[in-house]
Amino acid sequence: MTQGNPPGLDLSRLRAHLDRERPGMAGGPLSAELIEGGRSNLTYRVTDGSSSWVVRRPPLGHVLATAHDMAREYRVIRALGPTDVPVPRADLLCEDPEVIGAPFYVMELVEGTPYRSAEQLVALGPQRTREVVLGLPDTLVALHAVDPQAVGLGDFGRPEGFLERQLRRWGKQLDASRSRDLPGVDELHAALGQQLPDSLAATVVHGDFRLDNVLVTGDDRISAVLDWEMSTLGDPLTDVGLLVMYSEQRRVAGAPISTTRDAPGHPDPVELVERYAAGSGRDVSRIAWYTAFAYFKLAVICEGIHYRFTLGQTVGAGFDRIGALVPVLTDHGLTTLRKG
């Protein structure tokens, strides 16, 4: 922890806001550190010496329209608090960009480990690794079983035409960050549109569900699902396709993209899909499309981060290599669609 201001967070202004909105919440002087690992929104661990919290804000600089919506993240975490989905307690939302330079929210600091690499999982051994990873489809089953109306999220998205709208949105996100030739990416986008499946009944979807977006306790239990910035109401198989895509990934040296596929005991992606199907009762026969769509989304995200890197607006290490992932992800998406 440092007494100085980490990039993007003015501690004196944060403290003044906390004292005004939540008197007594913070005691001593605040110190903070940037939590590494996130590729998009900035996440900080903040403490007053006795209590600790997490603060989330959008990235510095180039921010795409509709992305990095702090109010949406805060709302869904707060709504899911009483359900079987493990989420941190939501403490405070500030939508005034004048306080620290951007909207932000404060939430509970939950204990647990975000496993980002196969090396981290090796220490658990094959059996514990298997149990940890199988907790992912089980958590998706719990999330997708939540009745949006019952938790106040009935208007959280527009399920009608969800997949078509997602394709358009991610195509626009790509165009907003396009600064170089990207072979195959337009072909992948077009092919996804041509092979669009019929959506399943809408649920709350996380939008970026993978192992390093959950915290795991010492007894191998998932204690919290994090990073809800892409959550909405939509087709639940978009979450499953993302999980499959991340479970297939091999490591690219130096790039800040997590992968645990090579850890001994890591379940095969097919087993993860089968476990989700058994727990949810949903038809997963078109999962290849959803997996290819996940590759396209990640390619677009990486291109956006690459663009911010070229402008000098990224915080952390490894962003100089992330642009090289985009053609790899595009190729994987096209290959997945062709295999069907």
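Further up the page is the structure itself.
Predicted, not measured: the structure shown is a model, and the values here were computed from it.

Asks: What is the right way to read the nonpolar core from this model?
Replies: The biggest cluster of nonpolar side chains holds 80 residues, and the ones touching the most others in it are Leu192, Trp228 and Phe296. With 14 residues, the top contributor of residues to this core is helix 9 (residues 287-310). Setting aside its immediate chain neighbours within four residues, Phe296 contacts Trp170, Gly171, Leu174, Val185, Leu188, His189 and Leu192. Core analysis: the next-biggest nonpolar cluster, separate from the first, contains 20 residues, Leu18, Ala26, Leu42 and Val99 among them.

Asks: Explanation requested: the pairing of strand 8 (residues 222-225) in the structure shown.
Replies: Two faces belong to every sheet, and in a regular strand the side chains alternate between them. Bridge count between strand 7 (residues 214-216) and strand 8: three bridges; the pairing is antiparallel. Bridge pairing in strand 8 places Leu215 opposite Ala224.

Asks: Just to check I follow, could you spell out the side chain of Arg57 for this structure?
Replies: Note on placement: Arg57 falls in strand 3 (residues 52-57). For Arg57, the side chain forms a polar contact with the main-chain oxygen of Gly8, separated by 2.9 Å. Setting aside residues no more than four positions away along its own chain, Arg57 makes contact with Gly8, Asn41, Leu42, Tyr44, Met70, Ile100, Ala102, Pro103 and Phe104.

Asks: Please clarify how the sheet that holds strand 5 (residues 104-108) should be interpreted in this entry.
Replies: The pairing of strands in a sheet comes from backbone hydrogen bonds and takes either a parallel or an antiparallel form. The strand order across the open sheet built from five strands is 1-2-3-5-4, with neighbouring strands paired in antiparallel fashion. A single partner strand is all that each edge strand has here, and the edge strands are strand 1 (31-34) and strand 4 (90-94). When strand polarity is set aside, the average angle formed by the axes of neighbouring strands in this sheet is 25°. With six bridges joining them, strand 2 (residues 42-47) and strand 3 adopt antiparallel strand pairing. Bridge pairing in strand 3 places Leu42 opposite Arg57. Its contacts with the sheet place helix 1 (residues 11-21) against strand 1, strand 2, strand 3, strand 4 and strand 5, and it is angled at close to 110° to strand 4. Of the strands in this sheet, strand 3, strand 4 and strand 5 are in contact with helix 2 (residues 70-80), which crosses strand 4 at around 160°.

Reading the values: rules and limits
- Residues numbered from 1 in each chain as written.
- Predicted model: local features only at pLDDT ≥ 70, side-chain atom pairs only at ≥ 80, totals over all residues.
- Heavy atoms only, no water.
- Core = buried A, V, L, I, M, F, W, Y, C linked by side-chain atoms within 4.5 Å.
- Buried < 20%, exposed > 50% of the residue type's maximum accessible area, 1.4 Å probe, protein only.
- Helix = DSSP H or I, 4+ residues; strand = E, 2+ residues; numbered from the N terminus.
- Contact = heavy atoms within 4.5 Å.
- Pairing = 2+ DSSP bridges.
- Polar contact = N/O pair within 3.5 Å; in protein donor to acceptor, adjacent residues only side chain to side chain.
- Axes fitted to C-alpha atoms, helices over the stretch in contact; angles between N-to-C directions.

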